[in-house]
Amino acid sequence: MNAPVRAAADLRLLRASVFSAVCVALSAGGHVLASGTGVALWSLAAGWAAVLCLVGPLAGRDRSLPGIALALLAGQFGLHLIFSLGQGSTAPALANRSNHVVALAERFLCGGHAAHLTPDSAARILRQAHIDPDRALPVTHGWHGGPRWARDDAELDVHAADAH
């Protein structure tokens with residue numbers, strides 16, 4: 001029997017680095033598509049370093065399919081947490097926040113785009129509806145409880161019922 005030949009340490013490290021970069025790029029792309037929000041550069045670097053630290057020592061040996069599946073699941077969960085922290089640390093620009101406040105207020109006016117609301121008048125409409133304009137953040141889709149507007153609509157229904 002021939003013993004398996006192991007690659008040199010520098011080649012295993014290079015392979016682990018490329019594997020980490022591909023995993024983080026694919027995971028970040030999926031996270032951006034699911035959430036609709038960009039990922040901070042520091043979280044990409046932190047994710048790459050975390051994956052490299054995990055797969056570096058594991059490189060060069062055969063693994064079982066269940067072991068690989070569990071490691072991938074744990075890695076995706078960890079990357080999701082890192083990317084979510086990265087998205088939470090990047091505050092939306094004031095102009096974007098104003099646009100979302102205006103868009104939500106227009107929904108109160110039955111989608112009246114012809115009203116051409118200013119951010120101040122939109123905020124006033126939201127306050128009259130007992131909605132905090134500061135909570136009108138960008139729409140987020142994905143695994144975080146559904147679209148942001150859907151959650152806001154449910155809150156609006158509760159406030160509308162309270163008003164009557």
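Here the structure is a predicted model, which means the values were calculated and not measured.

What follows deals with the overall build of the protein chain. Looking only at helices and strands, the protein chain has six helices and zero strands in total. Taken from N to C terminus, the helices and strands of the protein chain fall in the order α-α-α-α-α-α. Classification of the 164 residues of the protein chain by burial places 29% in the buried group. Expressed as a percentage of contacts within the protein chain between residues at least 6 apart in sequence, the contacts between residues at least 24 apart total 63%.

On the surface, a nonpolar cluster with roughly 500 Å² of combined accessible area is contributed by Leu 11, Leu 14, Val 18, Val 22 and Leu 26. By secondary structure assignment, the location of Val 22 is in helix α1 (residues 9-35).

Right, let's get into helix α5 (residues 119-128). Taken as a whole, α5 has its buried residues at Ser 121, Ala 122, Ala 123, Ile 125 and Leu 126. Where α5 ends, the next residue or the one after it, His 130, has phi of about 60°, a positive value.

Take the packing of α1 against helix α2 (residues 41-58) next. Put simply, α1 and α2 touch, their axes get as near as 8 Å, and they point 135° apart. Here α2 runs oblique to α1, going by the angle between their axes. Note that α1 runs across α2; the crossing there is right-handed. On α2, the residues that touch Leu 13, Ala 16, Ser 17, Phe 19, Ser 20, Ala 21, Val 24 and Ala 28 of α1 are Leu 44, Gly 47, Trp 48, Val 51, Leu 52, Val 55 and Gly 56.

Here we take up the nonpolar core. Counting residues in hydrophobic clusters, the biggest one holds 11 residues: Val 101, Val 102, Leu 104, Ala 105, Leu 117, Ala 122, Ala 123, Ile 125, Leu 126, Ala 129 and Ile 131. Of all elements in the fold, only α4 (94-108) and α5 reach the threshold of two or more residues within this core. Of all hydrophobic cores here, the second largest spans 10 residues; its members include Ala 16, Val 51, Ile 82 and Phe 83.

Moving on: the side chain of Ser 43. The topology assignment puts Ser 43 in helix α2. Filtering out sequence-adjacent residues up to four positions away, Ser 43 remains in contact with Ile 82, Phe 83 and Gly 86.

It is worth spelling out the confidence of the model for the protein chain at this point. On average, the protein chain scores 75 in pLDDT, and the residues at 70 or more come to 69%. Of all the helices and strands in the protein chain, helix α6 (residues 148-163) carries the lowest mean pLDDT, 47, while α2 carries the highest, 91. A low-confidence stretch, residues 139-162 (pLDDT under 50), is modelled with 35 contacts involving residues beyond four sequence positions or located in other chains.

With that out of the way, let us pick up the environment of Val 51. By secondary structure assignment, the location of Val 51 is in helix α2. Remark: the alpha-carbon pair of Val 51 and Ser 20, spanning 31 residues in sequence, is separated by 5.5 Å. What Val 51 contacts, discounting residues up to four positions off in sequence, is Ser 20, Val 24 and Leu 79.

Between the first and last C-alpha of α1 there are 38 Å, a value that for 27 residues agrees with the 39 Å anticipated at 1.5 Å per step. Inspection of α1 places Arg 12, Ala 16, Ser 17, Ser 20, Cys 23, Val 24, Ser 27, Ala 28, His 31 and Ser 35 among the buried residues, and these make up the whole buried set. Downstream of α1 by one or two residues, Gly 36 has phi in the positive range, about 75°.

Procedures and definitions
Residues numbered from 1 in each chain as written. Predicted model: local features only at pLDDT ≥ 70, side-chain atom pairs only at ≥ 80, totals over all residues. Heavy atoms only, no water. Helix = DSSP H or I, 4+ residues; strand = E, 2+ residues; numbered from the N terminus. Buried < 20%, exposed > 50% of the residue type's maximum accessible area, 1.4 Å probe, protein only. Contact = heavy atoms within 4.5 Å. Patch = residues over 30% accessible without salt bridge, like charges linked within 9 Å, V, L, I, M, F, W, Y side chains within 5 Å. Areas by Shrake-Rupley, 256 points an atom, 1.4 Å probe, with all protein chains shown as cover. Salt bridge = Lys/Arg side-chain N within 4 Å of Asp/Glu carboxyl O. Axes fitted to C-alpha atoms, helices over the stretch in contact; angles between N-to-C directions. Parallel < 35°, antiparallel > 145°, perpendicular 65-115°, else oblique. Left-handed = near helix turned anticlockwise from the far one by under 90°. Core = buried A, V, L, I, M, F, W, Y, C linked by side-chain atoms within 4.5 Å. pLDDT = per-residue confidence, 0-100. Expected span 1.5 Å × (residues − 1).

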